[in-house]
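Chain by chain, the residues:
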Amino acid sequence: MQGLYAEQRTLEPGISLSQDIARHLYMRQFCGKAVIVTDLPGARISAVRKQWLIIERSAQREKASTLKLTRVQELSRQVAHAQRFRFIASPPQEHPERDVFFVLPTDQVMLPASCQTLYMTCHVERSWYEDLTRQLHEGALVVVYQEVGGPNG
């Protein structure tokens with residue numbers, strides 16, 4: 001992982017994995033595309049999307065109650081961008097126009113050139129993990145959830 005950033009995350013009590021991913025992803029939404037490696041892409045996409053909408057509504061409420069013009073403009077930009085974010089439970093090469101991809105740890109994955117965040121939420125084979133991280137550009141972030149650990153081996 002030369003030239004990549006790595007972040008170990010541990011869930012806070014009362015915070016689900018989907019909540020944490022959605023919050024983290026919301027903060028990185030302008031960085032580029034993201035790939036989330038999970039054992040349950042169908043269930044995970046639904047849960048993260050639900051949390052995404054909650055965050056979006058919260059930002060809209062904050063925008064409505066804020067008097068500071070610069071903050072209103074910042075929140076307007078964030079919300080508008082978040083509303084255009086497109087999630088899919090399939091590898092990036094199948095729908096490259098999407099923004100967030102939920103993939104199985106056994107999928108053949110070709111990361112999009114603009115992928116800047118890789119979330120590891122389950123155990124994967126070391127060789128698969130290394131193949132995936134080799135595709136990331138310098139400065140990309142790999143987020144590993146601590147209770148699930150990184151690659152096996």
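Bear in mind the structure is a predicted one, so any value in this text is a computation, not a measurement.

**Looking at the overall build of the protein**
Okay, so step 1: In terms of helices and strands, the protein carries four helices and eight strands.
Okay, so step 2: Secondary structure elements in the protein, listed N-terminal to C-terminal, are β-α-β-α-α-β-β-β-β-α-β-β.
Okay, so step 3: Residues classed as buried in the protein amount to 47% of the 153 residues present.
Okay, so step 4: In the protein, the proportion of contacts linking residues at least 24 apart, taken out of those at least 6 apart, comes to 68%.
Okay, so step 5: On the protein, roughly 8,200 Å² of surface is accessible, and the fraction owed to carbon and sulfur atoms is 51%.
Okay, so step 6: If you average the places of the 18 positive and of the 16 negative side-chain charges in the protein, the two averages end up 10 Å apart.

**Structural notes on helix α2 (residues 41-65)**
Okay, so step 1: If you check α2, its first and last C-alpha atoms are 36 Å apart, about what 25 residues at 1.5 Å a residue would give, namely 36 Å.
Okay, so step 2: In this structure, the buried side of α2 is in contact with α1 (17-27), α3 (69-84), β3 (87-88) and β4 (100-103).

**Comments concerning the packing of α2 against α3**
Okay, so step 1: Following both chains from N to C, one finds α2 and α3 inclined at 155°, their axes separated by 9 Å at the closest point. Viewed along their axes, α2 and α3 adopt a mutual orientation that is roughly antiparallel. Crossing of α2 against α3: the hand is left-handed. Of α3, the residues touching α2 (which contributes Trp52, Glu56, Ala59, Gln60, Glu62 and Lys63) are Arg71, Val72, Leu75, Ser76, Val79, Ala82 and Gln83.
Okay, so step 2: A class-by-class count of the residues in the contact of α2 with α3 yields six nonpolar, three polar and four charged.

**A few points about the pairing of strand β5 (residues 115-120)**
Okay, so step 1: Judged by how many residues are buried, β5 sits mostly within the fold: six of six residues are covered.
Okay, so step 2: Sheet analysis places strand β2 (residues 33-37) next to β5, joined by five bridges and oriented parallel. Counted as the bridge partner of Ile36 is Tyr119 from β5.
Okay, so step 3: One ladder, built from four bridges, connects β5 with strand β7 (residues 141-145); its direction is parallel. Bridged to Met120 within β7 is Val144.

**Topic: the nonpolar core**
Okay, so step 1: Counting residues in each nonpolar core, the largest one holds 23 residues, and the members touching the most others are Leu25, Tyr26, Trp52, Phe87, Val100, Phe102 and Tyr119.
Okay, so step 2: Listed by contribution, the elements that provide at least two residues to this core are α1, β2, α2, α3, β4 and β7.
Okay, so step 3: Not counting the four nearest positions on each side in its chain, Trp52 is found in contact with Ala22, Leu25, Tyr26, Gln29, Ala82, Phe85 and Phe87.
Okay, so step 4: Counting 20 residues, the second-largest nonpolar core is a separate cluster that includes Val37, Ile88, Leu118 and Cys122.

**Remarks on the environment of Thr10**
Okay, so step 1: Among the structural elements, Thr10 can be located in the loop between β1 (5-9) and α1.
Okay, so step 2: With 135 residues separating them in the primary sequence, Thr10 and Tyr145 have C-alpha atoms 5.9 Å apart.
Okay, so step 3: Only 2.4 Å separates the side chain of Thr10 from the side chain of Gln146, close enough to count as a polar contact.

**A look at the packing of aromatic side chains**
Okay, so step 1: Under the definition given, this model contains five aromatic pairs.
Okay, so step 2: Relative to Phe85, the ring of Trp52 has its centre 5.1 Å away and its plane inclined at 10°; by these criteria the two rings are stacked. A residue pair is termed long-range when its members are at least 10 positions apart, and Trp52 in helix α2 and Phe85 in the loop between α3 and β3 qualify at 33 residues.
Okay, so step 3: Joined through ring pairs, the aromatic side chains of Tyr26, Trp52, Phe85, Phe87 and Phe102 make up one cluster.

Reading the values: rules and limits
- Residues numbered from 1 in each chain as written.
- Predicted model: local features only at pLDDT ≥ 70, side-chain atom pairs only at ≥ 80, totals over all residues.
- Heavy atoms only, no water.
- Helix = DSSP H or I, 4+ residues; strand = E, 2+ residues; numbered from the N terminus.
- Buried < 20%, exposed > 50% of the residue type's maximum accessible area, 1.4 Å probe, protein only.
- Contact = heavy atoms within 4.5 Å.
- Areas by Shrake-Rupley, 256 points an atom, 1.4 Å probe, with all protein chains shown as cover.
- Lys, Arg positive; Asp, Glu negative; His and termini not counted.
- Charge placed at Lys NZ, Arg CZ, Asp CG, Glu CD.
- Expected span 1.5 Å × (residues − 1).
- Axes fitted to C-alpha atoms, helices over the stretch in contact; angles between N-to-C directions.
- Parallel < 35°, antiparallel > 145°, perpendicular 65-115°, else oblique.
- Left-handed = near helix turned anticlockwise from the far one by under 90°.
- Nonpolar A, V, L, I, M, F, W, Y, C, P; charged D, E, K, R; others polar.
- Pairing = 2+ DSSP bridges.
- Core = buried A, V, L, I, M, F, W, Y, C linked by side-chain atoms within 4.5 Å.
- Polar contact = N/O pair within 3.5 Å; in protein donor to acceptor, adjacent residues only side chain to side chain.
- Phe/Tyr/Trp six-rings, centres within 6.5 Å; stacked < 30°, edge-to-face > 60°.

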